[in-house]
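# Structural overview for review
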Amino acid sequence: MTMELKNATAFEEKRARSVSIAEAVDCHHHAVDEIEYSCAGIQGKYSGEINQEGKPHGNGSFVRDNDGTPFTYIGTWKDGERVGNGGYYKNGRLLGNVVWD
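Here's what I pulled together on the structure shown here. This is a predicted model, so every value here is computed, not measured. Each chain has its residues counted from 1, running along the sequence as written. Side-chain atom pairs in this predicted model are given and counted only at pLDDT of 80 or more, local residue features only at pLDDT of at least 70, and totals for whole chains, interfaces and linings cover all residues. With hydrogens and water set aside, each side-chain value is computed from the structure's full complement of heavy atoms.

### Focus: the overall build of the chain
A tally of regular secondary structure across the chain gives 1 helix and 6 strands. Its helices and strands in sequence order give the chain the pattern α-β-β-β-β-β-β, from N to C terminus. Contacts are assigned to residue pairs with any non-hydrogen atoms lying within 4.5 Å of each other. By sequence separation, contacts in the chain at least 24 residues apart represent 24% of the contacts at least 6 residues apart. In short, Shrake-Rupley with a 1.4 Å probe defines the accessible areas, and a residue's cover is counted only from the protein chains shown. Of the accessible surface of the chain, which amounts to about 6400 Å², a share of 51% is contributed by carbon and sulfur atoms. In this text, helices come from DSSP runs of H or I with a minimum length of four residues, and strands from runs of E with a minimum of two, each type numbered from the N-terminal end.

### A word on the nonpolar core
Of all hydrophobic cores here, the largest spans 8 residues; its members are Val32, Tyr37, Cys39, Tyr46, Ile50, Phe62, Tyr73 and Trp77. Secondary-structure elements contributing two or more residues to this core are strand S1 (30-39), strand S2 (42-50) and strand S4 (69-78). Tallying contributions element by element places S1 first for this core, with 3 residues. Ignoring any residue separated from it by four or fewer positions in sequence, one finds Val32 in contact with Tyr46, Ser47, Gly48 and Ile50. We define a nonpolar core as any set of buried Ala, Val, Leu, Ile, Met, Phe, Trp, Tyr and Cys residues linked to one another through side-chain atoms lying within 4.5 Å. Three exposure classes are used, based on accessible area relative to the maximum for each residue type with a 1.4 Å probe and protein chains only: buried under 20%, partly exposed in between, and exposed over 50%.

### Quick look at the side chain of Ser47
Within the secondary structure, Ser47 is located in strand S2. One polar contact links the side chain of Ser47 to the main-chain amide nitrogen of Glu34, over a distance of 2.8 Å. Apart from the residues lying within four places of it in its own chain, the contact partners of Ser47 are Val32, Asp33, Glu34, Gly60 and Ser61. Polar contacts here mean pairs of N or O atoms no more than 3.5 Å apart (in protein, one a potential hydrogen donor and the other a potential acceptor; neighbouring residues in sequence count only if both atoms are side-chain atoms).

### Comments concerning unusual backbone geometry
Phi is mostly negative for residues that are not glycine, and the peptide bonds are mostly trans. The backbone phi angle of Glu34 is positive, close to 55 degrees, even though this residue is not glycine. With respect to the secondary-structure elements, Glu34 resides in strand S1. With a phi close to 55 degrees, Asn91 is a non-glycine residue in the positive phi region. Secondary-structure assignment places Asn91 in the loop between strand S5 (81-90) and strand S6 (93-100). Under the relative-accessibility criterion, Asn91 is labelled exposed at 65%.

### Digging into the packing of aromatic side chains
For this analysis, a ring pair means two rings from Phe, Tyr or Trp (six-membered ring only for Trp) whose centres lie within 6.5 Å, classed as stacked if their planes differ by under 30 degrees, edge-to-face if by over 60, and tilted for the remaining angles. The full count for this structure, using the stated rule, is 8 aromatic pairs. With 5.2 Å between their ring centres and 75 degrees between their planes, Tyr46 and Trp77 make a pair best called edge-to-face. With Tyr46 in strand S2 and Trp77 in strand S4, this pair connects stretches of sequence that are 31 residues apart. Each member of the pair Tyr46 and Trp77 is classed as buried. For the pair Tyr73 and Tyr88, a centre-to-centre distance of 5.1 Å together with 55 degrees between the ring planes defines the contact as tilted. Taken together, the positions of Tyr73 in strand S4 and Tyr88 in strand S5 put the pair 15 residues apart, joining distant regions of the chain.

Rendered as structure tokens:
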């Protein structure tokens, strides 16, 4: 198993645990596709699960423009904030993993 594959597998295992934590918080999720959203003051489009207030909650992705190239965050959300494990992608390539408190 290559180091890259090991890292990806470990990341997905951690992400699955984060997803179960977010799901335990609120079971009333609805899914949306590409709604305008501001994350940490940055405008972009969010796709994924939302809570009853319309905030990202559960699994989702946030895509923003980066000089004409989409820059994507995929991870777990709770009440509009990034939580647990997530990853940043550009051109379909993982740039790095992040763990939010």
